[in-house]
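# Understanding the architecture of this molecule
These are the residues of each chain, in order.
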Amino acid sequence: MTDALPPCPECGSTFTYEMGALLSCPECGHEWSPEAAAAAADAQEVRDSVGNVLADGDTVTVIKEGVVVGGEGRHESPRHPPRRRRP
Ligand SMILES: [Zn+2]
């Protein structure tokens, strides 16, 4: 006999018993699936600002706004056109 059944999630009774694949509580009559309860406990997901589910080890993508494009290395002056080689 194993006495490792989880208590009733409804009333907390420890007199739960297995009824097929379900667990049943004799005090409040609640029936539930222990697997579903475990899955629900694991379903507490953390989401970032764009709705992606974060897991341990994931890197968070930060969207930077207002990035200046072409702000460097493109300072061409019309007074100094690129020299062209003559054949
Ligand atoms: Zn109960």
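Here's a quick rundown of the structure. (Residues numbered from 1 in each chain as written. Predicted model: local features only at pLDDT ≥ 70, side-chain atom pairs only at ≥ 80, totals over all residues.)

### As for the overall build of the protein chain
Counted only if it meets this: Working definition: helices are DSSP H or I runs of at least four residues, strands are E runs of at least two. Numbering for both runs from the N terminus. Buried means a residue has 20 or more other C-beta atoms within 10 Å of its own C-beta, exposed means 12 or fewer, and partly exposed covers the counts in between; C-beta atoms are placed from the backbone. Contact between residues is assigned whenever the C-beta positions, reconstructed from backbone atoms, fall within 7 Å.
A count of helical and extended segments in the protein chain gives 1 helix and 5 strands. For the protein chain, the N- to C-terminal ordering of α and β elements is β-β-β-α-β-β. For the protein chain, the proportion of its 87 residues judged to be buried stands at 5%. Looking at the protein chain alone, contacts between residues at least 24 apart form 6% of all its contacts between residues at least 6 apart.

### Things to note about the environment of proline 26
One can find proline 26 in the loop between β2 (22-24) and β3 (31-32). Between the alpha carbons of proline 26 and threonine 14 there is a distance of 9.5 Å; along the sequence they are 12 residues apart. Once you skip the residues sitting within four places of it in the chain, proline 26 turns out to touch Phe15 and Tyr17.

### Here's the deal with the sheet that holds β2
What counts, and what does not: Strands qualify as paired when DSSP identifies two bridges or more between them.
Ordered in space as β1-β2-β3, the 3 strands form an open sheet in which the pairing is antiparallel. Each edge of the open sheet carries a strand with a single partner, namely β1 (17-19) and β3. Where β2 meets β3, 2 bridges bridge the pair, whose relative direction is antiparallel. Across the sheet, serine 24 pairs through a bridge with glutamate 31, a residue of β3.

Interpretation in functional terms is not warranted from these geometric data alone.
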